[in-house]
Amino acid sequence: MKNLLAASLKYQDNQLFVLDQYALPHQENWRLCQSVADMESLIKALKIRGAPLIGIGASLLVAHLASEQQSKAQLAQAIAQLRQARPTAVNLMHCMDKMSIALEQDDYELALQRCAEAIFEQDIALCNSMANFGNELVQEGDNILTHCNTGALATAGIGTALGVIYKAHQANKKIHVWVDETRPLLQGGRLTAYELERWQVPYTLICDNMAASLMAAGKVDKIFVGADRIAANGDFANKVGTYNLAVLAKHHGIEFYVVAPTTTLDIECENGAAIVIEQRDATEVTGVSGSFGQCQWAPSNAQVFNPAFDVTPAELVTGWVLDTGIYSPLDVHSGVLRFL
Ligand code: MRU
């Protein structure tokens with residue numbers, strides 16, 4: 001397979017490497033990924049994360065296993081196992097479905113490699129397209145609030161919501177970004193801050209619970225967030241805390257946009273209630289861990305509720321920025337997402 005390079009994933013000289021996002025920003029460790037067990041544990045530990053990237057990483061691994069002469073049955077098993085590594089982001093399922101189709105070809109080794117390469121390259125193009133559309137919404141001097149990490153680290157390209165921000169910055173629009181730290185795993189504080197720093201985009205880090213007072217003070221012009229799955233009616237799942245922002249935005253009359261590739265659409269899901277929400281380990285809430293070690297502050301036996309995502313109802317969304325264009329509530333209400 002040919003060499004492929006993204007911000008946090010690379011296929012080089014027939015080996016797959018993942019940049020450990022759990023160790024960022026203080027350590028840049030590339031992990032070699034050689035087996036389904038490796039990839040599964042990297043995905044579950046969020047060392048590789050973000051809806052598009054987990055699908056791309058899993059696809060590259062399957063193609064790599066095919067190049068190592070694994071049998072058709074072993075590859076089918078690998079696809080089935082990886083498909084279940086995380087339950088909410090539909091991109092992973094769509095990618096594994098494409099790889100299953102490739103596996104049916106006579107020359108399945110080549111078909112799987114071409115399919116994985118196409119998934120990787122298509123994502124770069126989808127990111128550019130979303131960013132170009134989203135940039136049309138950004139005005140000179142906007143203060144933009146974002147949640148979680150939706151940048152180059154989470155995709156093969158420049159990202160989804162953060163890709164829009166990057167494009168607006170490149171267009172010299174003099175924007176400033178409010179970065180939600182994104183408890184419990186701090187993807188905003190660790191990863192979005194790291195990316196904006198590298199891109200030299202002016203930003204200010206805030207705790208998630210500071211967004212309301214910023215909005216009340218008139219300091220947020222627009223909100224751009226990503227998505228892990230968008231249902232047919234426009235409801236969408238994204239990192240927990242997104243729904244809070246959407247409610248706050250409605251109250252304060254602030255534009256609230258979701259930015260995602262069409263590979264995040266799941267028209268089999270009629271609405272957000274059908275989206276499976278991943279529940280994660282209590283230790284993520286009772287304390288914090290990372291490259292700096294582990295710290296626990298809550299009592300060891302505290303009861304914990306830790307959903308990784310929440311669902312934002314379509315009625316709170318100003319616009320859906322996809323790679324195919326920007327869709328209004330009227331478009332989405334009339335069922336346009338079913339035909340993309
Ligand atoms: O649990 P994570 O870090 O994988 O969650 C990521 C998000 O919620 C992102 O907003 C979403 O995947 C879109 S990334 C381009």
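Everything numeric in this text was worked out from a predicted model, so none of it was measured. (Residues numbered from 1 in each chain as written. Predicted model: local features only at pLDDT ≥ 70, side-chain atom pairs only at ≥ 80, totals over all residues.)

## Some points on the overall build of the protein chain
Tallying secondary structure elements over the protein chain gives 11 helices and 17 strands in all. Compactness check: the protein chain gives a C-alpha radius of gyration of 19 Å against a globular reference of 20 Å for 340 residues, within 12% of the reference. Projected onto the principal axes, the alpha-carbon positions of the protein chain cover approximately 60 × 50 × 40 Å. Burial statistics for the protein chain: of 340 residues in total, 48% are counted as buried. For the protein chain, long-range pairs separated by at least 24 residues make up 75% of all intrachain contacts whose partners lie at least 6 apart in sequence. (Helix = DSSP H or I, 4+ residues; strand = E, 2+ residues; numbered from the N terminus. Rg over C-alpha atoms; globule rule 2.2 N^0.38 Å. Buried ≥ 20, exposed ≤ 12 C-beta atoms within 10 Å, placed from the backbone. Contact = placed C-beta atoms within 7 Å.)

## Notes on the environment of Phe-133
Secondary-structure assignment places Phe-133 in helix H5 (residues 108–135). Judged by local crowding, Phe-133 falls into the buried class, with 20 C-beta atoms found within 10 Å. In the structure, Phe-133 is positioned 193 residues away from Ile-326 in sequence and 6.7 Å away in space, judged by C-alpha atoms. In contact with Phe-133, not counting residues within four places along its chain, are Val-321, Gly-325 and Ile-326.

## Overview of the site of the ligand
Arg-49, Ala-51, Ala-154, Gly-226 and Lys-239 are the nearest of the 19 residues found near the ligand. Classifying every residue of the shell around the ligand by side-chain character gives 8 nonpolar, 8 polar and 3 charged. For the shell around the ligand, the two domains that each supply at least three residues are domain 1 (4–127) and domain 2 (136–339). (Near = placed C-beta within 6 Å. Nonpolar A, V, L, I, M, F, W, Y, C, P; charged D, E, K, R; others polar. Domains from an automatic or database assignment.)

## Digging into the domain arrangement of the protein chain
How big an interface is tends to be expressed through the accessible area that disappears when the partners come together. Domain assignment breaks the protein chain into domain 1 (4–127) and domain 2 (136–339). For the side of domain 1 that touches domain 2, the secondary structure elements donating two or more residues are helix H2 (51–67), helix H4 (90–103) and H5. No other element matches the 5 residues that H5 contributes to the side of domain 1 that touches domain 2. Of the residues belonging to the side of domain 1 that touches domain 2, the class tally is 19 nonpolar, 8 polar and 3 charged.

## Considerations on the pairing of strand S8 (residues 222–225)
Along S8, one buried face is formed by Lys-222 and Phe-224 and the opposite face, lined by Ile-223 and Val-225, is buried too. As paired strands, strand S5 (residues 143–146) and S8 are joined by 3 bridges and run parallel to one another. Residue pairing across strands places Thr-146 opposite Phe-224, the latter belonging to S8. Here 4 bridges tie S8 to strand S11 (residues 255–259), and the two strands are oriented parallel to one another. The residue of S11 that forms the bridge with Val-225 is Val-258. (Pairing = 2+ DSSP bridges.)

## Concerning the environment of Phe-224
Considering the arrangement of structural elements, one finds Phe-224 in strand S8. Residue Phe-224 is classed as buried on the basis of its C-beta count, with 28 C-beta atoms lying within 10 Å. Separated by 95 residues in the primary sequence, Phe-224 and Gly-319 place their C-alpha atoms 9.8 Å from one another. When residues no more than four places from it in sequence are discounted, the contact partners of Phe-224 are Gly-134, Ile-144, Thr-146, Ala-161, Val-164, Ile-165, Tyr-257 and Val-259.

## Examining the pairing of strand S2 (residues 9–12)
The alternating pattern of S2 places Leu-9 and Tyr-11 on a buried face, while none of Lys-10 and Gln-12, on the opposite face, is buried. Two elements, strand S1 (residues 4–5) and S2, share 2 bridges in a ladder whose sense is antiparallel. Counted as the bridge partner of Leu-5 is Lys-10 from S2. Adjacent in sequence and paired antiparallel, S1 and S2 are bridged by 3 residues. One ladder, built from 4 bridges, connects S2 with strand S3 (residues 15–19); its direction is antiparallel. Of the residues in S3, the one forming a bridge with Tyr-11 is Leu-16. Counted between consecutive antiparallel strands, the loop separating S2 from S3 contains 2 residues, among which Asp-13 sits at a positive phi close to 50 degrees.

## Quick word on the sheet that holds strand S9 (residues 229–231)
Spatial strand order, S12-S9-S10-S15: 4 strands in an open sheet with mixed pairing. Two strands bound the open sheet, and with one partner strand each, they are strand S12 (265–266) and strand S15 (309–312). Across 2 bridges, S9 lies against strand S10 (residues 236–239) in antiparallel orientation. In the sheet register, Ile-230 faces S10, and the bridge partner there is Phe-236. In the packing of helix H9 (residues 242–252) onto the sheet, the strands contacted are S10 and S15, and the crossing angle to S15 comes to about 30 degrees. (Axes fitted to C-alpha atoms, helices over the stretch in contact; angles between N-to-C directions.)

## Re the packing of H2 against helix H3 (residues 72–83)
Closest axis-to-axis distance for the H2/H3 pair is 10 Å, and the angle between their directions is 165 degrees. On the basis of the axis angle, H2 is roughly antiparallel to H3. Judged by the twist between their axes, the crossing of H2 over H3 is right-handed. Counting all contacts with H2, which are made through Ala-58, Val-62, Leu-65 and Ala-66, the residues of H3 involved are Leu-75, Ala-78, Ile-79 and Leu-82. Per-class residue counts for the contact of H2 with H3 are 8 nonpolar, no polar and no charged. (Parallel < 35°, antiparallel > 145°, perpendicular 65-115°, else oblique. Left-handed = near helix turned anticlockwise from the far one by under 90°.)

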